[in-house]
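What follows is each chain in one-letter form.
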Amino acid sequence: MTLYLFNTLTRQKEAFNPIRKEEVGLYTCGPTVYNFAHIGNLRTYLFEDILKRVLLYNGYKVEHVMNITDVGHLTGDRDMGNDKMENGARREGKSAWEIAEFYTQAFKRDLKHLNILDPDIWCKATDTIAEQIRLIQTLEEKGFTYGTSDGIYFDTSKFDGYTKLSHQNLDALQEGARVEKNPEKRNATDFALWKFSPSGVKRQMEWASPWGVGFPGWHIECSAMSMKHLQGRLDIHCGGTDHIDVHHTNEIAQSEAATDERFFNFWMHGAFLNISGGKKMAKSAGNFLTLDATFIDRGIDPLVYRFAAFQTHYRKPMEHSEASVQAAQNGLTHLKNQVRTVMKAAGSRPGKPDETYTAKFRNAVNDDLNMPRAMAVVQETLKSDLESSIKLATILNVDRVMGLDMADVDQAEALPAEVQRKMEARIKARREKDWALSDQLRDEIAALGYQVQDTKDGMSVTKP
Ligand code: AMP
Ligand code: ZN
C-alpha cells in the first residue's frame, strides 16, 4: 500500500519513498524553551506524531530527531529584537540556562501526557555550537556570507531558488522582510548566521567564533543538527506553517548552498490552532493556553486533546473553544465505552485484526494522514458485525496510530467514580503543592480500598 504525503515543496500529494529502503530520517523543529508550549504548538507535535506512527505502521524504521532551541531565536523572526531566552530569563529572574532546562522538562511532560512518542535523538542548539560554526565557515569559504556591524549574514541573492519552498514571488518576500529594517543587509531576505554579542554587554549565552564572540542565528541550528544526525537520510522535515516563509526557506538555502545537495525530499507543515473567531494562538499574542490549564488542572484527560486533533485534517485550521473540548471529551468517553463493551464480550479469547478494516484504516492514514476518515473507519469497525475478539484485535492494531491507550480502557474506567474524583483532586492538590490535602486524599482513597502510588510519571491507583 503506498503512502501519500503532501509535500510543501511541490505543493502536491506524492508517493513517499525514503532514500534508504526501510529507514526514514525524520526531523521535526522543536520548541523554543523560553515559556510553556501552548496547545497550538502541541497541535503541530501531534500531527508529527501521527506522521511518525503512520511511518512505523507502514513497517518503516524511523530515526526521529528533534531539536531544542535554547539560544538565538530572536523576538523578530528576521534577526532583530532580543533573544527570547534572555527575555524569558529576565522575566523570571533566573538564568537563561535555568529557563531552558525548566521549560524543556515541561515540554517533555506535555509530550508524555499526549502519548507523543519520544524522538530517538533530542539535541540542544547550545550543544552543537561547533557544528554550526563549521557550517558557517563552509558558507564563508564558498562566498555566500558577508559581515555587518552586528553579525555574519547569508546573502540570499547568491542562492538560486530561494523561494522554492514558499512559492512566493521574491518581490513579495522582500517586501514582507522589509518590515524589520536593517540598513546594512544587502537584501531584505538575508538572514543572520552568527550574531555578535552587543558591545559592552555580557550575554548569558555566548561563544567565541572566528568572527567574534556571539551566538548562532536561529536557522543554522536545524541545518547543522539534521546534517549531523541524519546524513544520508534527509527524508522528511516538519514544522508549523509559519516556518515555511522564513525558517525552513532559510534552512534550505544555507544547507544546499553549503553541500550542493538537496536538503530533505519532503517538507510537511501543520496548520494552526486558532482560538474561536479565527485568531492564531501565539505566545507573543499573549492568548495562549497550556495543556495543564486547559485539560489537566481541570481534571480532563489530556488525551481528549489528542482525540480532538484527529477531528480536523492537519492541513486545515483547527478551532479551539470550550465547545470543542466538550465535544472531544464526549467523543473519547463514547469511544472508550464502545471498546469496553467489545472487551467484555471478547473475554480472554485471542483474536486477529481483521484485514479489510485494517486495510481501510491504513488507506485513510496513507492518504496524507487523513485522521478524520481513519476515525470514521474506527466507528465503522466498532459497529460492524465482526466477532468481538476480532473487533478488539482490530481496534488495538489501529491504536498503534491513534495512541489513545485503548488496551487500558477497562482498567482505567473500572475505578469507582468516587475514587476517580479523589484521584483528580489529589493531582490538583499536588500541582498546587498542597501536600497536606494530598496526604489526606491518599488516606481517603485507601479507606475506599485502593492504594495510591506516586511515580515520576504521575500517580497510579490500584486495588491491592
Ligand atoms: P516555537 O516554540 O514557537 O518555535 O513553535 C513550536 C512549533 O509550534 C513550530 O513548529 C510552530 O510552527 C508551531 N506553532 C506555533 N504556533 C502554532 C499554532 N497556533 N498552531 C499550531 N502550531 C503552531
Ligand atoms: Zn527548525
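It should be noted that the structure appears before, not after, this text.
To start, this report covers the structure provided alongside it. (Residues numbered from 1 in each chain as written. Chains lettered and ligands numbered in written order. Predicted model: local features only at pLDDT ≥ 70, side-chain atom pairs only at ≥ 80, totals over all residues. Heavy atoms only, no water.)

## Considering the nonpolar core
Ranked by internal contacts, the top residues of the largest apolar core, which has 69 residues, are Ile236, Tyr305, Leu335, Phe361, Met402 and Leu404. At 10 residues, helix H1 (residues 39-57) tops the list of elements feeding residues into this core. Once you skip the residues sitting within four places of it in the chain, isoleucine 236 turns out to touch Leu5, Phe16, Val24, Gly25, Leu26, Tyr27, Leu51, Leu55, Phe264, Phe266 and Met268. Among the nonpolar cores identified, the runner-up in size contains 53 residues, and Val71, Phe196, Phe215 and Ala253 belong to it. (Core = buried A, V, L, I, M, F, W, Y, C linked by side-chain atoms within 4.5 Å. Buried < 20%, exposed > 50% of the residue type's maximum accessible area, 1.4 Å probe, protein only. Helix = DSSP H or I, 4+ residues; strand = E, 2+ residues; numbered from the N terminus. Contact = heavy atoms within 4.5 Å.)

## Topic: the sheet that holds strand S3 (residues 23-28)
Reading across the sheet, the five strands line up as S7-S4-S3-S12-S13 and stay open at both edges, with parallel pairing between neighbours. Both edges of this open sheet fall to strand S7 (121-124) and strand S13 (266-270), since each of them pairs with a single strand only. Going across the sheet, the axis of each strand differs from the next one's by a mean of 20°, ignoring polarity. Judged from the three bridges that link them, S3 and strand S12 (residues 236-240) form a sheet pairing that is parallel. When the bridges of S12 are listed, threonine 28 appears paired with cysteine 238. (Pairing = 2+ DSSP bridges. Axes fitted to C-alpha atoms, helices over the stretch in contact; angles between N-to-C directions.)

## Focus: the site of ligand 1
Surveying the vicinity of ligand 1 reveals 17 residues, the closest of which are Gly40, Thr44, Asp242, Phe272 and Met281. Threonine 44 has a polar side-chain atom sitting 2.7 Å from a nitrogen atom of ligand 1. Considered on its own, ligand 1 offers 500 Å² of accessible surface; in the complex 95% of this is hidden by protein. It is H1 that provides the largest number of residues to the shell around ligand 1, a total of four residues. Split by residue class, the shell around ligand 1 holds six nonpolar, nine polar and two charged. (Near = heavy atom within 4 Å. Polar contact = N/O pair within 3.5 Å; in protein donor to acceptor, adjacent residues only side chain to side chain. Areas by Shrake-Rupley, 256 points an atom, 1.4 Å probe, with all protein chains shown as cover. Nonpolar A, V, L, I, M, F, W, Y, C, P; charged D, E, K, R; others polar.)

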